[in-house]
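Below are the chains, spelled out letter by letter.
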Amino acid sequence: MGSGQWCIENRSGNRNDSFVRKDEAVPETGCLSIIVLGASGDLAKKKTFPALFNLYRQGFLQPDEVHIFGYARSKISDEELRNRIRGYLLSDKNASPEHSEGVSKFLQFIKYVSGSYDTEEGFQLLDKEISEHEILKKSQEGSARRLFYFALPPSVYPSVCRMIKRCCMNRSDLGGWTRIVVEKPFGKDLHSSEQLSSHIGELFDEPQIYRIDHYLGKELVQNLLVLRFANRFFLPLWNRDNIDNVQIVFREDFGTEGRGGYFDEYGIIRDIIQNHLLQVLCLVAMEKPVSLKPEHIRDEKVKVLQSVLPIKDEEVVLGQYEGYRDDPTVPDHSNTPTFATVILRIHNERWEGVPFILKAGKALNSRKAEIRVQFKDVPGDIFKCQKQGRNEFVIRLQPSEAIYMKLTVKQPGLEMSTVQSELDLSYKQRYQGVTIPEAYERLILDTIRGDQQHFVRRDELKAAWEIFTPLLHGIDNGEFKPISYQPGSRGPVEADELLAKAGYVQTHGYIWVPPSL
Ligand SMILES: NC(=O)C1=CN([C@@H]2O[C@H](COP(=O)(O)OP(=O)(O)OC[C@H]3O[C@@H](n4cnc5c(N)ncnc54)[C@H](OP(=O)(O)O)[C@@H]3O)[C@@H](O)[C@H]2O)C=CC1
Ligand SMILES: O=C1O[C@H](COP(=O)(O)O)[C@@H](O)[C@H](O)[C@H]1O
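Residues numbered from 1 in each chain as written. Chains lettered and ligands numbered in written order. Predicted model: local features only at pLDDT ≥ 70, side-chain atom pairs only at ≥ 80, totals over all residues. Heavy atoms only, no water.

A look at the site of ligand 2
As a matter of local geometry, ligand 2 sits amid 13 residues, with Lys184, Tyr215, Lys218, Glu252 and Asp271 nearest to it. Contact between ligand 2 and Lys184: an oxygen atom at 2.6 Å from a side-chain N or O atom of the residue. Looking at the shell around ligand 2 element by element, the count peaks at three residues for helix α9 (residues 260-285). Looking at the shell around ligand 2 residue by residue, the classes come out as three nonpolar, three polar and seven charged. (Near = heavy atom within 4 Å. Polar contact = N/O pair within 3.5 Å; in protein donor to acceptor, adjacent residues only side chain to side chain. Helix = DSSP H or I, 4+ residues; strand = E, 2+ residues; numbered from the N terminus. Nonpolar A, V, L, I, M, F, W, Y, C, P; charged D, E, K, R; others polar.)

Now the structure itself:
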C-alpha cells in the first residue's frame, strides 16, 4: 500500500455493524500467538501480562488457540518469568482459590525465549517456537495470527521491526496476519518521530501498526464520542458561543519514583501532554465523524490537531518539584519539567477564542485526571447567581469515574435564593457490580480484532509533534526555566494565575465529593 493511503482491515468479533465491512470480512481460523517483547521489563509485568490474563479469564483468549511468548535479552527460564509476573496477577480484590488456579493455568501458556534485539539468531529461535506451536494447534500455514507487543525502549524499535520482518512474519495471507503494537514515547520531537515512522513504515503497512496510547482505552475517554454525538443536550452548546474554557488535567500524587532516568530524558510534556492529554483534546474538540469507522474518526482528530495555533511562550508555565534532582539517575542541574500548564488554541469556527488548558504534574496534592468544560456566564442574570460559580460539565476519568454537571438551583426552602449543586452520574453508584476494564485490556483486544479506532495514526502523530516541537526545543535549549514547587502542593501558583488570565473562574466554597455507597 502506498504511503498516505489508509485502508480498513477486516475485523471480526462482536462489533456493531458500523465497525465492520461485511464484504471485507475474512474468517479468522488460525491460532493466535502473542509475543511480548521486553518481557522482563516493568510495563510487561505491570500492565501487559495482567491485561492478557484478564482477557484469558473472561474467555477472550481461548486456550486451544492462543499461546503467549515472552522475549527479552535476560537469561531467565520460563518459570522465572512466570514467577515475576505471578504477583501482579494475584490481586488483593480476588484471593479465591479459583482465581489462583486460573492464574496458574494462564502462566502455563507463557513460554520465554531469550535473545538480542538486533541479531537474527534470537528471532529465528522465536519463529521456530511460534511455528511449533502453530503446527501443534493444527493451524493451516498462512492462517496464523501473530501479535508482537513492544514493551521496549523505543531506541530498539527499528532493529526489532527489521528482525520480525526478516524472521517472524506469518508466511502468507490465508486470513492470518502479523501486527505490531508500539508504545509511547514515539520519538522525542517531530524529526525523530518521523524518522522512526519512516523506518517502521518501510517494513509494515499502516493497518499492521498499532500505536498505543492507553488513555484511549479508558472507559470515560471512550465515552466521549457517545456523550457528544448521541445526546441532543450537548449538540447546540458545544461551541465558542457557550463554552468559555476547557481544562484537561492530569495529576499524580507521587513523583518519578524508580523511573527518574527515563523521565528526565522526556519530561512531563512528552510523557503525558503531547500524547495522553492531546488525544483527549481531540475527542473533546473534533467535529462529528462521518461514521464510527476508525478512519473517519481519525480523519476528524487530525483536522483538530492541524487547526491548533502555535503555542505562545506567555501561555506556558513549567514547574519542577523540590527533591526531583535527589534521584541519583537525574542530573544535578536538570531543567526537566515535572509540571506544565500549556494553553492550546484551536483556529476554527467552533473553537476560535476558547482556551484549551492542558495541565499535568507529578508529585502534586492528589491523583486525578479530568476534563472540565466551563460555560460562559448567563446573560442578563436576574438571580445574581454568578457569585456561586459558572456551569461546568466535568468528566472524571479517574479515580472514581464520574460525569457531573455543576448547575445553579433554587435553595430548597421558603426563601427564593440560589445555590450551586450537581447532576451526578457516578459510575460506582450507578453501575454497581460492573467491573470497568483496564485500558490495556480493551486495547489489546482491539489489536486482536483489528480495530484501529483507538490507536494513533501516523499523520495524527505527526500533527501532535508539530504542535509541541518548538516548545520542547525551547525547553531543551534552556530558554524556559521550570519554577520550583513543593511536593504535595497544587504546583506553581503561576499556573493558577495563567488559568485565571485565560478566563477560568474558580468556584469557591463548593467541591464535588464522589458519593459513597
Ligand atoms: N513502565 C510504564 O509504566 C510505562 C511504560 N511505557 C513504555 O513502554 C515501554 C517499555 O517500558 P518499561 O517496561 O518501563 O521499560 P524497561 O526499562 O523496563 O525495559 C523493558 C525491557 O527492555 C529491555 N531494555 C531496557 N533498556 C534497554 C536498552 N537500552 N536496550 C535494549 N533493551 C533494553 C530490558 O530487557 P532485557 O534487558 O531483558 O532485554 C527491559 O526489561 C517504553 O517504551 C515505555 O516508555 C508506557 C507507559 C507506561
Ligand atoms: O504513560 C504514562 O502514564 C502513567 C499514568 O497512567 P494512569 O493510567 O495511571 O493515569 C504515568 O504515571 C507515566 O509517567 C506515563 O509514562
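Brief notes about the sheet that holds strand β5 (residues 177-182)
The sheet built from six strands is open, its strands ordered β3-β2-β1-β4-β5-β6 with parallel pairing. Looking at strand neighbours, the two that pair on one side only are β3 (110-114) and β6 (209-211), the edges of this open sheet. Within the sheet, the average angular offset between the axes of one strand and its neighbour, ignoring direction, is 20°. Alignment of strand β1 (residues 32-37) against strand β2 (residues 66-72), held across six bridges, turns out to be parallel. Counted as the bridge partner of Val36 is Gly70 from β2. Here helix α4 (residues 120-136) sits on the sheet in contact with β1, β2, β3 and β4 (145-150), set at roughly 170° to β2. (Pairing = 2+ DSSP bridges. Axes fitted to C-alpha atoms, helices over the stretch in contact; angles between N-to-C directions. Contact = heavy atoms within 4.5 Å.)

Quick notes on the pattern of salt bridges
Side chains that differ in charge, positive against negative, can pair when their charged atoms come close. The tally for this structure, following the rule as stated, stands at 34 salt bridges. Note that Glu132 is salt-bridged to Lys128, the shortest N-O span being 3.6 Å. Pair noted here: Glu132 and Lys128 are both in helix α4, with a separation of four residues, about one helical turn. When salt bridges that share partners are traced, they join Glu295, Arg298, Asp299, Arg457 and Asp459 into one network. (Salt bridge = Lys/Arg side-chain N within 4 Å of Asp/Glu carboxyl O.)

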